[in-house]
Amino acid sequence: LDPVTGLHNRKAMSKHVEAWFNEDADRDIAAIVVSVDHFSQFSERFGALIGDVILSKIAKKVASYVDDSGLPVRSASDEFIVLLPDVDGGIASEIAEKIKQGVEKLRFVSVQSGVRLPKMSISCGISEMKNKEPINQFINRSRKAVTK
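Residues numbered from 1 in each chain as written. Predicted model: local features only at pLDDT ≥ 70, side-chain atom pairs only at ≥ 80, totals over all residues. Heavy atoms only, no water.

Draft legend 1. A look at the side chain of serine 56. Looking at where serine 56 falls in the secondary structure, it is placed in helix 3 (residues 48–64). Note on serine 56: relative accessible area 14%, which makes it buried. With residues near it in sequence (within four places) discarded, serine 56 still touches Val4 and Thr5. (Helix = DSSP H or I, 4+ residues; strand = E, 2+ residues; numbered from the N terminus. Buried < 20%, exposed > 50% of the residue type's maximum accessible area, 1.4 Å probe, protein only. Contact = heavy atoms within 4.5 Å.)

Draft legend 2. Local environment of the nonpolar core. Formed by 28 residues in total, the largest nonpolar core has its most connected members in Ile32, Val36, Ile58, Phe80, Leu84 and Met120. Among the elements of the structure, strand 1 (29–36), helix 2 (39–46), helix 3, strand 3 (79–85), helix 4 (89–105) and strand 4 (122–128) are those that each provide at least two residues to this core. If we ignore the near neighbours within four places in the chain, the residues touching leucine 84 are Asp28, Ile29, Ala30, Ile32, Val66, Ser69, Gly70, Ala92 and Ile95. (Core = buried A, V, L, I, M, F, W, Y, C linked by side-chain atoms within 4.5 Å.)

Draft legend 3. Structural context of helix 1 (residues 10–23). Look at helix 1: 20 Å from first C-alpha to last across 14 residues, which is about the 20 Å you get at 1.5 Å a residue. Regarding helix 1, the residues found buried are Ala12, Met13, Val17, Trp20 and Phe21. Projection of helix 1 onto a plane perpendicular to its axis shows the buried side chains occupying an angular sector of 165°, all on one side. Of the exposed residues in helix 1, the ones pointing more than 90 degrees away from its buried face are Lys11, Lys15, Glu18 and Asn22. Against the buried residues of helix 1 lie strand 1, strand 2 (71–76), strand 3 and helix 5 (135–144). Among the residues of helix 1, the N-terminal cap falls to asparagine 9, whose side-chain oxygen and the backbone nitrogen of lysine 11 are separated by 3.2 Å. (Expected span 1.5 Å × (residues − 1). Arc of directions from axis to C-beta. Polar contact = N/O pair within 3.5 Å; in protein donor to acceptor, adjacent residues only side chain to side chain.)

Listed below in structure tokens is the structure:
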């Protein structure tokens, strides 16, 4: 697990994908790539500690839309991937839109100073895993689908 967000890491993601294909070699797996917009600037402005807290809150919100039906993963510093077995791209797009709306409704206030922090937004991309596609190739292709 990722220590900051509590989500699965890429190693766990690889194991899950392998297990899903072992159960059903023709299984469809959709992915939603979630990229936190302007996160590096936010982290520079408010500090790494507050950045980690914000990432943790966003991760919880992302995971709340998946429950046990998928696998939310922290794939990079400001990026998450939600894997959805047995889901097609159309349904994944609907879920991505709900995640985006949910994250944009989050409000953040600094506990120490009481200052309201800027709203956060995310960009999403949808892709579908091609049968037995190497996981890194899938992630790279999924990242290219992110629209800002």
